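Coordinate inspection notes
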Amino acid sequence: MKTRYIQTTETIDEYSHLPLWKTCSKIDLIYIVYGLLVLATVLVSYGLGALNWLPSDPDSMDLENMMVAPLTSGYFLGTDYMGRDLLSRLIIGIQAYFVPGLLSIFISLSLGSIMGILSGYQGGRVESVVEYFSNLIDSFPRLVLILLFIAAFTPNIYIIMIVVGLTTAPVVAGLVRGKILFLKQRNFVESAIAMGLPTYQIILKHILWYNCRSILLIQATLGMAEAILIETSLSYLGFGVQEPVPSWGNMVQSGSNYLMQGNFWPSTAPALAILATVLGFHLLGDGLNNVLERKER
Amino acid sequence: MEHIPLLQIEDLRTYFYSSAKQAFIRSVDGVDLTIEQGSTLGIVGESGSGKSITMLSTMGLISANPGVLTGKVLLNQKGNPVNLLEGLEQYVELEHNSGKILKLSKDNRAWKKQQEKNMATVRGKQISMIFQNPKAAMNPYETIGKQISEMIKLHTEIKDNNSAKEKAISWLERVKIDSPGMRFENYPHGLSGGMCQRAMIAMALSSEPSLLIADEPTTGLDATIQSKIVELLQELQTDLGITTILISHDISVITKLADSVAVMYGGKVLENGPAELVLKANEDASHPYTRALLASIPDLSNVDANGRLPAIPGEVLDTINLTQGCRFYARCEKFTTQCESKCKTQEPPLFRMDGKHHIRCWLFEKG
Amino acid sequence: MSQQKVKRLVAVSAKELLLTALLLLGVSWVVFLILYLAPGDPFVAMLGGRMLQGEEREAALQALGLPSTWYGQYFSWLINMLQGDFGESLRNGQPVAAELWNSGLKTLLLTMGALLVTLLIAVPVSIYNAIHTGTKTAWILKMFAYIVSALPLFWLAYVAIYWFTQKLGMFPVLTGSQTDWNWVYIAVPVVLLGVGNGAISEIVRHLHEELGRVLNEEYIRTARAKGASVWRHAFKEGLLLPVSEIIASKIPFVIGGAIIVEQIFNWPGMGRLAWQAALDRDFPVIMGIAIVTAVFVRFASLCNRFIYISVNPRASNE
């Protein structure tokens, strides 16, 4: 295989003024564009679902058109085993994970940042304590912990997402801590203190905002992917959103009974939606990581 | 029989493609160097002048993927000059227009394979290399003893562990490490920087190579340790008579060790010749850059009336945007009205002074 | 090895063991706390067999000879557990410890097999990507890893079951009275869990980055300059340490996936038990599972630390 490198510009006097998207690699750009498209689709669909502006009623059953293929009988994506419009159900299904996902992201980012700052900025004994708690959270398999919470409380998606947020916080904490240690190594923090900046300003503005925002953004995109996968797993286990309210997880689950009979589409359509979305968030995170984080090193 | 030097580099060019800058960086841009058996060549220049890249290219250690490597590196192998860059061109297609590269396509995998094939019997066995920052350049996961023994077992007749260990300890003794038997078991992190550099020198020499390349061997060490390392290298040179290429931006190191000197700037050799001629820097037989470089060495005699040290004005050449003329023109203070027009528009060739002394400057055009 | 070094290794290992013990104590605390905070005082229910309140609760506690304070309850539970008594299942009255042992071994087989499959896919992809960064094949391999990680595991499992039944005439799901254990019953769930547990993409991302970083280290350049094998020198820092770290950190993920795979394939392991326990609010069982899995995770992490300490000569100086 041959790799091609083409000198695009005749002479470059000031490359530092090139916009970011011009200097990053093409493949990262594709990842980011794809991820942003997915994000936009999810956002728009969430809005449509919330306003109930749908192609057709997601609960109305068309018993004459059960499990039809896409683009037949006026159904853009076909219908499920009860003759309900798959597209509308997919759009409504976003409601099941979107807001809970945001909650888990909020918890993991805020708690993770606090833990990271405490251990990275303070160091010493505080660091050991934070490390202990991180290790403690990491000791539980996430799904086992969720099942424990379900047994103890109720199978509520918000409680579950709080658990997910708690269990992802150590990852964020580790990244924030690493960044602070990196900045400390370069005497960034010392010089900020020497300049007489107040501590809260150093932490909030100079560490969190200027230096950790890309980490947090990347973790937020990965967190949404995580929320989708957790929601689908729990729906499969019967602890998520219950029929007839659709979620991507219970759509795959209910369709899978018919998969055994050779009717692939009703469970494959939501599975593909999960694939496209999760992949989108993962690639967005990767692309952003390559473009925003690696440049600094 | 024709006389063949140990290593001859002809028109070596190493370009990197930077995707961030969307351009080719000409780190080495047509370098010619010759090193005779038993001599020591010093290469001086500011950082970024391409001196390290020249030697890494010679060793086939250029790992940056989008790169071009052309020219010839002829190594004397039992009387026959063998080109270390043999066959690499066939995997690269270049499209250029008056020296400016427009397009490059390269079969990286085949290129690398060919390079490894060319270098297989050369690295370590015929050419050894020592680097700056010895603590990072030695494997932190293995004892220095094991690393030296590995070199001995790879490239000498000694294959069994015990005699390799004995040999390694004798090399450690040779580079003046105290209690070598104990140090044999030490990891790099347990040694000081100077000690580590000694261990690295021991490792490089333990395969008894015909050429030693020392890439900034004293940089990053304390001043007192620097001079000790230089002393050690001097001693080893007289004892073993090994051919050495010494890269340094520190002219005092070069002065002590080198027989001949090449001055590099912007990926090209601006001046080369016997050390005493180049480093004397006579007004009438020296490149303006060499003179400026020598004048910027801290010394009690060269400070001006205000107690300031002369510096070379301007910045190190950006090797992306090469101008048509002499690369040093923008920072040069010596050009005359007669030569200025040429300096601006034409790259000077190497003009021969006397003997083996060459200078790349229009001031020395004859006729 | 010098005596001093051995001494230092022992000291560091002792520190790790102490830390693990402290963490396990914390684990028991967390589990107790969750159950203690749960509505309906499940802790007492667990001991008495049903939910009780007020005086009735006190009476039941006295009848059982249990302390009424929370710390008293905690310690009696902890001491019982340390003696291997995890209580009795609320559902069928069987001792939990025996059930955990039986199902735990089966889950161990499933998860370890799956982890092996995961590594067999992820490690070569990472190595290929680190060596041939930016080539088309490397990209395709990486995308494959990303795609299988983004697919819902149970959908993948259903497709596999469909394929096996239709094409091979085998139904790879264990049914109630299974007598003929066949390789399919083990291999299909193991491979599926290995492929679809969602960890592959993360492993590839991490390992590719680590390996890429190590291959660019100065000491690797030295190894090349001396004509030695790059892989021999890069192995410890570039492969052994990150892989052992990955195994330790991904075990919880694989256990999570096992809950789903066991459900689909009727695998009589701990995952199914956990699911059943959550459904029935069978506290002794779910608490036991949480504790056992946490012990397992900590054990894996301890192994990782030991590997790190023995491989990295700088570790004993930290």
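Residues numbered from 1 in each chain as written. Chains lettered and ligands numbered in written order. Predicted model: local features only at pLDDT ≥ 70, side-chain atom pairs only at ≥ 80, totals over all residues. Heavy atoms only, no water.

1. Here we look at the interface of chain A and chain C
Contacts between the two partners involve 49 residues from chain A and, on the opposite side, 54 residues from chain C. Summing both partners gives a buried area of about 4,500 Å² for chain A against chain C, and 76% of it is carried by carbon and sulfur. By the criterion of area lost to chain C, the three top residues of chain A are Leu 148, Tyr 236 and Met 260 of chain A, representing 14% of everything that side buries. A salt bridge links Arg 205 of chain C to Asp 286 of chain A, with the shortest nitrogen-to-oxygen separation between them at 2.6 Å. If you look at where chain A meets chain C, you find 10 residue pairs in polar contact (both at pLDDT 80 or more). Breaking the side of chain A that touches chain C down by element, the ones donating at least two residues are helix 2 (26-51), helix 5 (124-138), helix 6 (142-152), helix 9 (199-237), helix 10 (248-259) and helix 11 (265-293) of chain A. Among the elements that make up the side of chain A that touches chain C, the one with the highest residue count is helix 11 of chain A (11 residues). (Contact = heavy atoms within 4.5 Å. Buried area = accessible area lost by both parts, 1.4 Å probe. Salt bridge = Lys/Arg side-chain N within 4 Å of Asp/Glu carboxyl O. Polar contact = N/O pair within 3.5 Å; in protein donor to acceptor, adjacent residues only side chain to side chain. Helix = DSSP H or I, 4+ residues; strand = E, 2+ residues; numbered from the N terminus.)

2. Structural notes on unusual backbone geometry
Residue and element names in this part refer to chain B. Of note, the phi angle at Glu 208 is positive, near 50°, even though the residue is not glycine. Take Glu 208: it is sitting in the loop between helix 7 (193-205) and strand 9 (211-215). Since its relative accessible area comes to 53%, Glu 208 is described here as exposed. In this structure, Glu 216 takes a positive phi of about 50° despite not being glycine. Assignment of secondary structure puts Glu 216 in the loop between strand 9 and helix 8 (223-240). Among the residues examined, Glu 216 registers a relative accessible area of 5% and is labelled buried. (Buried < 20%, exposed > 50% of the residue type's maximum accessible area, 1.4 Å probe, protein only.)

3. Focus: the interface of chain B and chain C
Residue-level contacts link 34 residues of chain B with 25 residues of chain C. For the pair chain B and chain C, the summed buried surface comes to about 2,400 Å²; carbon and sulfur atoms form 50% of the total. It is Arg 109, Tyr 141 and His 189 of chain B in chain B that bury the most area against chain C; as a group they hold 29% of the surface buried on that side. Where chain B meets chain C, there are four salt bridges. Glu 150 of chain B serves as the salt-bridge partner of Arg 232 of chain C, at 2.9 Å between the closest nitrogen and oxygen. One can count 13 residue pairs in polar contact (both at pLDDT 80 or more) joining chain B with chain C. For the side of chain B that touches chain C, the secondary-structure elements that each account for two or more residues are helix 2 (108-119), strand 8 (127-130), helix 3 (134-137), helix 4 (144-155) and helix 7 of chain B. Take the side of chain B that touches chain C: its biggest share by element is six residues, from helix 4 of chain B. A breakdown of the residues in the side of chain B that touches chain C according to their chemical character gives 16 nonpolar, 11 polar and seven charged. (Nonpolar A, V, L, I, M, F, W, Y, C, P; charged D, E, K, R; others polar.)

4. Structural notes on a nonpolar patch on the surface
Residue and element names in this part refer to chain C. The grouping of Trp 29, Leu 33, Tyr 36, Leu 37, Trp 70, Tyr 71, Phe 75 and Ile 79 at the surface amounts to a nonpolar patch, some 800 Å² of accessible area in total. Broken down by secondary-structure element, the contributors of at least two residues to the nonpolar patch are helix 1 (3-37) and helix 4 (70-82). Inspection of the secondary structure puts Trp 70 in helix 4. (Patch = residues over 30% accessible without salt bridge, like charges linked within 9 Å, V, L, I, M, F, W, Y side chains within 5 Å. Areas by Shrake-Rupley, 256 points an atom, 1.4 Å probe, with all protein chains shown as cover.)

5. Comments concerning the environment of Glu 283 of chain B
All names here are of chain B. Inspection of the secondary structure puts Glu 283 in the loop between helix 10 (275-280) and helix 11 (288-295). Accessibility expressed as a relative area gives 58% for Glu 283, which makes it exposed. It is 39 Å that separates the C-alpha atoms of Glu 283 and Tyr 17, two residues lying 266 residues apart in sequence. Apart from the residues lying within four places of it in its own chain, the contact partners of Glu 283 are Arg 291 and Phe 364.

6. So, the sheet that holds strand 5 (residues 80-83) of chain B
Residues and elements named next belong to chain B. The strand order across the open sheet built from four strands is 2-1-4-5, with neighbouring strands paired in antiparallel fashion. Across the chains shown, the open sheet's two edge strands, defined by having one partner strand only, are strand 2 (23-35) and strand 5. Each neighbouring strand pair of the sheet contributes to a mean axis angle of 15°, computed without reference to strand direction. In terms of strand pairing, strand 1 (residues 7-18) meets strand 4 (residues 67-77) through eight bridges, oriented antiparallel. (Pairing = 2+ DSSP bridges. Axes fitted to C-alpha atoms, helices over the stretch in contact; angles between N-to-C directions.)

7. Thoughts on the packing of aromatic side chains
According to the stated counting rule, one finds 19 aromatic pairs over all chains in the structure shown. Members of the aromatic cluster, joined through ring pairs, are Trp 29, Phe 32, Tyr 36, Tyr 74, Phe 75 and Trp 77 of chain C. Directly above the aromatic system of Tyr 15 of chain B lies the positively charged group of Arg 26 of chain B, at a separation of 5.4 Å from the ring centroid. The aromatic ring of Tyr 141 of chain B is capped on one face by Arg 314 of chain C, whose charged end is 5.5 Å from the ring centroid. (Phe/Tyr/Trp six-rings, centres within 6.5 Å; stacked < 30°, edge-to-face > 60°. Lys NZ or Arg CZ within 6 Å of the ring centre and 35° of its normal.)

8. Things to note about the pattern of salt bridges
Evaluated as defined, the whole model comprises 24 salt bridges over all chains. The partner of Glu 127 of chain A in a salt bridge is Arg 177 of chain A, and the shortest N-O contact between them spans 2.5 Å. Highlighted residues: Glu 127 of chain A in helix 5 and Arg 177 of chain A in helix 7 (residues 157-185), separated in sequence by 50 residues. Three or more residues joined by partner-sharing salt bridges are found here, namely Asp 11, Arg 13, Arg 26, Asp 29, Arg 327 and Glu 347 of chain B.

9. So, the packing of helix 5 of chain A against helix 1 of chain C
Packing of helix 5 of chain A against helix 1 of chain C leaves a shortest axis separation of 10 Å and a crossing angle of 60°. Here the hand of the crossing between helix 5 of chain A and helix 1 of chain C comes out right-handed. Packed against helix 5 of chain A, whose contacting residues are Tyr 132, Asn 135 and Leu 136 of chain A, the element helix 1 of chain C presents Leu 22, Leu 23, Gly 26, Val 27 and Val 30 of chain C at the interface. Along the lines of polarity and charge, the residues of the contact of helix 5 of chain A with helix 1 of chain C split into six nonpolar, two polar and no charged. (Left-handed = near helix turned anticlockwise from the far one by under 90°.)

10. Considering helix 9 (residues 200-215) of chain C
Here helix 9 of chain C is 16 residues long and its end C-alpha atoms lie 22 Å apart, about the 22 Å a rise of 1.5 Å per residue gives. For helix 9 of chain C, the complete set of buried residues consists of Ile 200, Ser 201, Ile 203, Val 204, Arg 205, Leu 207, His 208, Leu 211, Gly 212 and Val 214 of chain C. (Expected span 1.5 Å × (residues − 1).)

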